[in-house]
Amino acid sequence: MIPLHQFWRRFSWRHARKEWLQTSLLLVILALGVGTFLSIRIANRSAVEGFGLFTRSLSGPSDWILSQPGNGIPVDRLPEIRLALDPLPARIYPVLERLVLPAHPGNPDKPSRVRLIGLDLVQLLAGSGTASGSADELDIWQVLQEPRHILLSKATQTEWEVAVGNTIDLVVDGRVFPFVVKGTLPESRGDTPLPENLALADIGTLLNRFQLDSLDRVEIVLPEGPGRKTLVAEAGRRLQDSSHDRWTVGSPGQDKIDATSMTAAFRLNLTVLSLIALLVGIYLIAQTLDATVSRRRKEIATLRSLGISPREIYRFWMSEALLYGIAAGLLGLAAGYGMAWFTVDAVTTTIRALYRDTAVEAVRLTLADGALAMALGVGGSLVAAWLPARDAASTPPAQLLRMGKRIPPFALFQHPWIGVLMVVAGALALQLPSWETSPGHSVPVGGYTASLLWLVGGTLVAANSMKPLGRILRKVFPSRASLRLAASRLAAPTSRHQLALAGFLVSIGMAAAMSFMVSSFETTITRWLDQRLRAELFASSLGFQGSDHDQRVQGEILDRIEHWPGVRLVDRFRSVEVDIGSVQASIGGLRFDLIGKDQDLLWIKGPLPMDEMPPEAETFGYANENLQTRLNLELGDIFDVPTPSGPRPVWIAGLHADYARDNGLLLVDLPVLKDWFGVNDYETSAIFLEKGADPAAVQASLKEEFPGLAIRQNGQLMKTALSIFNQTFAVTYALQVIGLTVALGGLVLSLVSLLRESGRELALQRTLGMGRLEIALSTAIEGTGIALAGLLTGLLLGLSLGLVLIRVINYQSFGWTLQTAYPWAEVCFLGGSVLLLAFLISFFTGWLYLRKWSPEAL
Amino acid sequence: MQNGPDDGGPLLELEGVGKSYGPQQILKGIQLRVMSGERVAIMGPSGSGKSTLLSCIAGLETPDQGRISFMGQDLTRLGEARLTELRRGTISSVFQFFHLLPTLRAWENVEFPLLLARMSQAERRERVDHLLEEVGLARRAQAWPSEMSGGEMQRLALARALITNPALVLADEPTGSLDSRNGERVLDMLSQLTRQHRSALLLVTHDSQAAGICSRILHMTDGILSEQQAVE
């Protein structure tokens with residue numbers, strides 16, 4: 001028995017060096033798969049840790065956060081809060097927080113926004129004791145001398161093309177305010193990095209300038225030292241006891257948990273997609289390693305002749321894979337770290353667009369990341385090597401090989417019934433309920449399980465689908481030598497054929513499923529937008545995105561617009577975040593008098609007639625699907641809404657589709673919301689024009705009068721809304737392209753292996769009088785046959801996976817019912833393109849191979 | 001298919017043919033003439049260049065010196081396309097290890113050269129059935145090569161070689177992998193069928209009994225071909 005290190009030294013290392021290109025390719029593929037997964041993991045973590053980084057980085061981590069849904073905490077409550085905490089040594093930080101952007105952005109389609117934090121700078125300067133930072137750095141005294149002063153990060157100054165001393169007009173809540181850049185924020189305070197998208201100003205001057213009398217929140221910080229735990233608990237108790245519903249007491253951890261839970265579904269789906277990319281990469285690795293087996297077949301056969309057993313051959317091959325896995329894991333770690341700098345940006349941009357604002361936490365690697373990279377690299381390599389190692393072990397001794405004894409195909413692929421069982425098990429797994437990870441958030445375990453079982457099971461079932469194809473081809477084309485030969489090889493597929501088919505099946509299945517999902521999404525969203533966007537114009541604060549619940553337009557501004565020439569009426573929307581039990585949801589206000597006339601909702605159920613409203617309900621409302629799922633609501637239920645003045649019973653009169661958010665929303669009549677929460681500022685408004693009014697002219701005049709507002713025409717808003725959804729699928733599109741490229745690359749590898757293994761057969765074909773063109777044509781038909789079988793079975797798999805994605809995974813993750821829309825045109829185009837490419841690639845593979853090939857002695 | 005030149009000249013003529021692989025000269029100044037329908041054996045030890053000689057005659061290798069004339073054409077000057085065409089039906093081969101196409105059934109292996117010749121289905125069918133009958137494999141028409149014995153496989157290879165009525169059959173150790181009984185049977189068939197189809201035969205062998213079916217035996221040593229006594 002050869003010791004492993006001897007085998008590595010005499011065989012593995014020499015082959016790796018000789019075929020350095022193939023070795024490098026193998027390592028790069030696996031490293032990329034590991035790196036992609038790792039970079040998305042780091043990006044997800046970075047985005048989540050960025051929640052709440054804005055104030056934490058300045059004032060240090062707070063122990064309690066006081067807030068009040070609706071208008072916030074009135075400024076004049078601060079003395080009461082101080083009184084409640086006396087004589088505890090607590091520092092109180094009132095906070096104002098707004099998203100701001102330049103009134104004249106360089107790129108209007110992609111405005112650069114920063115989060116403006118208003119803090120008590122004097123208190124900050126006095127030293128919170130929790131973060132070091134010299135007064136010189138922040139230049140606080142200079143800032144306090146002038147109400148327009150603001151501090152920006154260096155990155156923001158560069159992006160906005162301003163410098164210290166410059167004046168810049170910023171849009172805040174739909175209004176334009178001039179600011180003077182007084183200083184530059186440092187990159188960090190102590191150990192805590194400051195987010196790049198942060199601006200700082202004094203809270204007193206901001207409240208004055210913005211004419212506000214309430215705070216977004218009040219943060220309480222207690223000093224370090226012995227007995228701190230007791231101190232924090234005591235402070236929390238006092239705040240709770242003295243609140244009398246005037247404020248809610250929360251912890252920063254809870255805020256982060258809520259934000260983390262909110263984005264969990266999106267981040268999990270992204271992780272799953274990256275795992276699928278890794279799976280596709282593993283298939284390519286398997287084909288590459290399989291090609292290595294065919295290339296070293298004679299060597300293996302000679303080893304067998306010399307007395308090395310199949311078991312030892314298997315051991316050698318797996319040990320080589322282990323070495324590759326270790327190298328790929330290390331490379332993947334480096335690649336993941338590098339790629340994370342790009343994916344962090346993409347993930348946080350999408351989270352900001354769909355959920356809420358977050359800062360970009362610096363990319364960093366942890367020990368867990370390292371361990372995971374190694375596990376994926378080694379695990380992936382060993383999984384990919386398993387079948388090729390078995391194939392290598394089944395090599396007969398050299399004498400038998402010379403006589404043309406055929407290598408038996410993989411035993412696993414000869415039992416399609418295993419695949420059938422897995423497919424059936426997958427169907428049963430769909431019945432599994434989702435796993436609730438936190439209140440209101442669940443993981444679609446059944447959906448993911450079914451998808452995995454169908455992917456693997458489908459591969460085993462489809463492995464033999466080339467046989468009937470070969471038989472059909474033989475019958476249809478009985479008189480062409482190239483076709484007959486190709487058909488006969490398809491009818492008796494080797495493990496190489498089956499592995500190539502498996503790669504195609506997985507790639508096509510994945511691409512088709514994602515196309516199906518995206519197409520269904522697009523159809524549903526378009527239908528929903530058509531239903532919801534009926535006004536001619538829409539208004540919001542400049543730079544507003546869907547996740548911005550704190551960027552609002554003052555009611556007075558909208559009142560003025562309502563009396564504007566050409567304007568018939570203005571419908572306004574406002575939402576307030578509340579905690580219902582342990583589920584975070586929103587209560588939204590919309591003019592119900594317009595529903596069914598100028599406005600409408602996309603109904604899932606209802607609406608019920610008003611005369612059916614029970615007497616115990618104070619009012620009625622319409623819940624979105626997400627709220628219905630999370631709180632188990634049904635049509636006709638009565639539901640208590642928490643308000644500052646106590647719970648209010650609301651009758652659920654209808655259930656509607658809402659694709660703008662994946663948290664729960666209950667719509668009530670706007671006057672009711674205003675009454676409950678005392679609000680008079682709005683996130684978005686729909687402007688309906690008089691008959692005959694020119695939308696473009698009204699838009700222009702409104703923009704001139706209100707430069708801090710974004711006024712969009714119906715078509716523009718539709719386009720913007722759809723582009724946001726396309727953005728969320730950017731990763732999906734990239735993975736589709738990667739998957740198809742991998743499948744075609746795998747086909748080339750498999751064909752080269754097949755040609756290599758067929759040296760004697762090629763010599764025979766040449767001896768029998770087949771020309772190079774005919775042999776290349778035979779190769780082309782064989783390759784296209786593999787692709788066709790993979791395409792047909794892959795499309796079937798894609799259809800099934802797509803339905804699971806739409807009806808199960810998506811529904812259980814986000815609570816959205818989607819209309820199914822199969823993209824026939826796209827699929828036909830995909831199919832046609834794949835077949836054409838497969839034919840061309842296979843033909844040229846055969847043609848070029850024969851150019852370099854030397855006939856073996858027969 | 002034409003079985004020989006019209007003017008009665010030699011079917012195959014080699015003049016001063018030489019072939020080297022690197023510094024080693026495998027064939028040295030080969031002179032050979034084979035007439036239509038003639039059966040010639042070439043005997044010699046392993047490594048003497050016999051298989052290389054057959055490869056050059058089949059157009060699979062190009063000699064470095066000399067000339068190979070077949071049916072009046074200089075093979076050394078023909079392009080790959082023309083040589084391929086010759087191998088399709090005019091020059092065929094039988095090998096020691098049979099070399100059947102493993103994914104084709106027995107009858108399909110025999111039929112394959114006719115597919116290359118673009119013959120009609122009806123005609124192909126008739127010829128295949130006839131030849132399978134001739135080699136005694138009519139009942140094994142549907143079998144896969146992996147299901148056949150060595151003797152059966154070689155008879156099948158013989159049928160494939162003769163299906164196009166070739167002018168010349170090149171046989172490289174056709175009985176080398178067979179036991180004596182099967183070898184004898186194959187030799188009998190080779191002799192009878194080449195005579196029946198009026199094909200010339202160039203047989204390379206170690207076996208003097210195999211050589212016995214030929215009218216002329218040549219000897220090859222270290223790349224040099226020499227005459228042995230003619231056999232009546």
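Please read all numbers here as calculations on a predicted model, not as lab measurements.

K.L.:
Would you mind going over the pattern of salt bridges with me for this structure?
P.N.:
Once their charged atoms are close, side chains differing in charge can pair, the charge on each being opposite to the other. Applying the stated criterion across every chain, the model contains 44 salt bridges over all chains. The partner of Arg-228 of chain A in a salt bridge is Asp-63 of chain A, and the shortest N-O contact between them spans 2.4 Å. Linking Arg-228 of chain A in helix α10 (residues 228-241) with Asp-63 of chain A in the loop between α3 (53-59) and β1 (64-67), this pair joins segments that are 165 residues apart in sequence. Between Arg-296 of chain A and Glu-299 of chain A there is a salt bridge, with its nearest N and O atoms 3.4 Å apart. Here Glu-299 of chain A falls in the partly exposed class, since its relative accessible area comes to 21%. What you see here is one network of salt bridges that share partners, running through Arg-474 and Arg-484 of chain A together with Glu-108, Glu-111 and Arg-124 of chain B.

K.L.:
Can you walk me through the packing of helix α18 (residues 445-462) of chain A against helix α21 (residues 495-532) of chain A in this structure?
P.N.:
Think of two packed helices as two axes; the pair is described by the angle between the axes and how far apart they sit. All names here are of chain A. As a packed pair, α18 and α21 sit with axes 9 Å apart at the nearest point and diverge in direction by 140°. It follows from the interaxial angle that α18 and α21 lie oblique. The handedness of the crossing between α18 and α21 comes out as right-handed. In contact with Leu-455, Gly-458, Thr-459 and Ala-462 of α18, α21 contributes Leu-501, Ala-502, Leu-505 and Val-506. Looking at the contact of α18 with α21, its residues break down into 6 nonpolar, 2 polar and no charged.

K.L.:
Looking at this model, I keep getting lost on the interface of chain B and chain A. Mind explaining?
P.N.:
Accessible area lost when the parts come together is the quantity often used to give the size of an interface. Listed as interface residues are 24 residues of chain B and, on the opposing side, 25 residues of chain A. Summed over both partners, the interface of chain B with chain A comes to about 2500 Å²; 59% of that surface belongs to carbon and sulfur atoms. It is Phe-97, His-99 and Thr-103 of chain B that lose the most area in chain B upon contact with chain A, and together they represent 23% of the buried surface on that side. As a salt-bridge pair, Arg-484 of chain A and Glu-111 of chain B come within 2.9 Å of each other at their nearest N and O atoms. Here chain B is connected to chain A by 5 residue pairs in polar contact (both at pLDDT 80 or more). Sorting the residues of the side of chain B that touches chain A by element identifies α2 (80-89), α3 (106-116) and α4 (121-134) of chain B as the ones contributing at least two each. Counting residues per element, the side of chain B that touches chain A draws most heavily on α3 of chain B, which supplies 6 residues. Split by residue class, the side of chain B that touches chain A holds 11 nonpolar, 5 polar and 8 charged.

K.L.:
Just to check I follow, could you spell out the packing of aromatic side chains for this structure?
P.N.:
Tallying each qualifying case throughout the model produces 14 aromatic pairs over all chains. A centroid spacing of 6.1 Å and a plane angle of 85° characterise the contact between Tyr-337 of chain A and Trp-341 of chain A, whose relative ring orientation is edge-to-face. Taken as a pair, Tyr-337 of chain A and Trp-341 of chain A lie in helix α14 (residues 310-354) at a separation of 4 residues, close to a single helical turn. With relative accessibility at 48%, the residue Trp-341 of chain A sits in the partly exposed group. A network of ring pairs unites the aromatic residues Phe-592, Trp-603, Phe-620 and Tyr-622 of chain A as a single cluster. Here the basic side chain of Arg-572 of chain A rests over the ring of Tyr-682 of chain A, its NZ or CZ set 5.5 Å away from the ring centre. Taking the ring centre of Trp-107 of chain B as reference, the NZ or CZ of Arg-125 of chain B above it sits at 5.6 Å.

K.L.:
Looking at this model, I keep getting lost on the environment of Leu-777 of chain A. Mind explaining?
P.N.:
By the element assignment, Leu-777 of chain A lies in helix α29 (residues 772-814). As for Leu-777 of chain A and Ser-842 of chain A, which are separated by 65 residues in sequence, their C-alpha atoms are 8.5 Å apart.

K.L.:
Hey, could you run me through the sheet that holds strand β5 (residues 73-74) of chain B in this one?
P.N.:
All names here are of chain B. Strand order in this open sheet of 4 strands is β2-β1-β4-β5, and the pairing throughout is antiparallel. With partners counted over all chains shown, the strands left at the sheet margins are β2 (24-34) and β5, one partner each. Sheet topology note: the strand β1 (residues 12-21)/β2 ladder contains 7 bridges and is antiparallel. When the sheet's bridge partners are listed, Lys-19 is paired in β2 with Leu-27.

About the cut-offs
- Residues numbered from 1 in each chain as written.
- Chains lettered and ligands numbered in written order.
- Predicted model: local features only at pLDDT ≥ 70, side-chain atom pairs only at ≥ 80, totals over all residues.
- Heavy atoms only, no water.
- Salt bridge = Lys/Arg side-chain N within 4 Å of Asp/Glu carboxyl O.
- Helix = DSSP H or I, 4+ residues; strand = E, 2+ residues; numbered from the N terminus.
- Buried < 20%, exposed > 50% of the residue type's maximum accessible area, 1.4 Å probe, protein only.
- Axes fitted to C-alpha atoms, helices over the stretch in contact; angles between N-to-C directions.
- Parallel < 35°, antiparallel > 145°, perpendicular 65-115°, else oblique.
- Left-handed = near helix turned anticlockwise from the far one by under 90°.
- Contact = heavy atoms within 4.5 Å.
- Nonpolar A, V, L, I, M, F, W, Y, C, P; charged D, E, K, R; others polar.
- Buried area = accessible area lost by both parts, 1.4 Å probe.
- Polar contact = N/O pair within 3.5 Å; in protein donor to acceptor, adjacent residues only side chain to side chain.
- Phe/Tyr/Trp six-rings, centres within 6.5 Å; stacked < 30°, edge-to-face > 60°.
- Lys NZ or Arg CZ within 6 Å of the ring centre and 35° of its normal.
- Pairing = 2+ DSSP bridges.

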